[in-house]
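Coordinates in review
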Amino acid sequence: MVKREEGALLQSIVLDREGEHGLSVQICAGLRELILGGTLKVGERLPATRTLAQEFRVARTTIVESFERLAAEGLIETRVGSGTYVSQALANERPAPAAAATAAPTARVKLAQAMNTASKLFGTRLPHQPRAFTTAMPAFDAFPMAQWARL
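Presented here is an overview of the structure given in this document. (Residues numbered from 1 in each chain as written. Predicted model: local features only at pLDDT ≥ 70, side-chain atom pairs only at ≥ 80, totals over all residues. Heavy atoms only, no water.)

Time to look at the environment of Ser-87. Along the chain, Ser-87 falls in the loop between strand 3 (83-86) and helix 5 (89-93). When its relative accessible area of 3% is taken as the criterion, Ser-87 is described as buried. Considered as a pair, Ser-87 and Ala-71 are 16 residues apart in the sequence and their alpha carbons are 8.5 Å apart. Not counting residues up to four positions away in its chain, the partners in contact with Ser-87 are Val-42, Gly-74, Leu-75, Ile-76 and Glu-77. A polar side-chain atom of Ser-87 sits 3.4 Å from the main-chain carbonyl oxygen of Gly-74. (Helix = DSSP H or I, 4+ residues; strand = E, 2+ residues; numbered from the N terminus. Buried < 20%, exposed > 50% of the residue type's maximum accessible area, 1.4 Å probe, protein only. Contact = heavy atoms within 4.5 Å. Polar contact = N/O pair within 3.5 Å; in protein donor to acceptor, adjacent residues only side chain to side chain.)

Now for the packing of aromatic side chains. Within a pair of aromatic rings, the relevant descriptors are the distance that separates the centres and the angle that separates the planes. Here the structure, examined in full by the defined rule, presents 0 aromatic pairs. Arg-79 extends its terminal NZ or CZ atom over the ring of Tyr-85, reaching a point 3.9 Å from the ring centre. (Phe/Tyr/Trp six-rings, centres within 6.5 Å; stacked < 30°, edge-to-face > 60°. Lys NZ or Arg CZ within 6 Å of the ring centre and 35° of its normal.)

Let's shift gears to the pattern of salt bridges. Applying the stated criterion to the full structure yields 3 salt bridges. Among the ionic pairs, Arg-32 bridges to Glu-73, the shortest N-O distance being 2.8 Å. Note that Arg-32 is positioned in helix 2 (residues 23-36) and Glu-73 in the loop between helix 4 (60-72) and strand 2 (76-79), a separation of 41 residues in sequence. Neither residue differs from the other here; Arg-32 and Glu-73 are each classed as buried. (Salt bridge = Lys/Arg side-chain N within 4 Å of Asp/Glu carboxyl O.)

Phi is positive for Arg-57, which is not a glycine, with a value near 55°. Along the chain, the position of Arg-57 falls in the loop between helix 3 (49-56) and helix 4.

With respect to the secondary-structure elements, Glu-55 resides in helix 3. Considering only alpha carbons, one finds Glu-55 and Gln-11, 44 residues apart in sequence, at a separation of 9.3 Å.

Here it is in structure tokens:
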């Protein structure tokens, strides 16, 4: 995917920084829609993760996470030293426009469509508050600070 007309393709992916879903989920959903909708053609090269991170003004790991999700769904593939491309497997799985009503989607396309539908149904994100059993957040109130300071 080469930037088209000053990032017109990238502008079609709108990020809601205050939304319920994380930025990587939103970017993943946007790229998924572009791939499944045929805007991104089979074999088309996607921009580098650093380029996308700069365009979206997010951390590179956010883009890498989105790419990993799409790769797990079989929508994109990476080639070492060459870049990331829309998967060639979609050429066989994507029905021809005339036969769209008669051809049944394959398992990978079904999975990608189910992920797209499910991502809209997710509830609100859990707030990251320092409390017990919160991922990547220690329970600061349960830590023996006085004893730690004495030691």
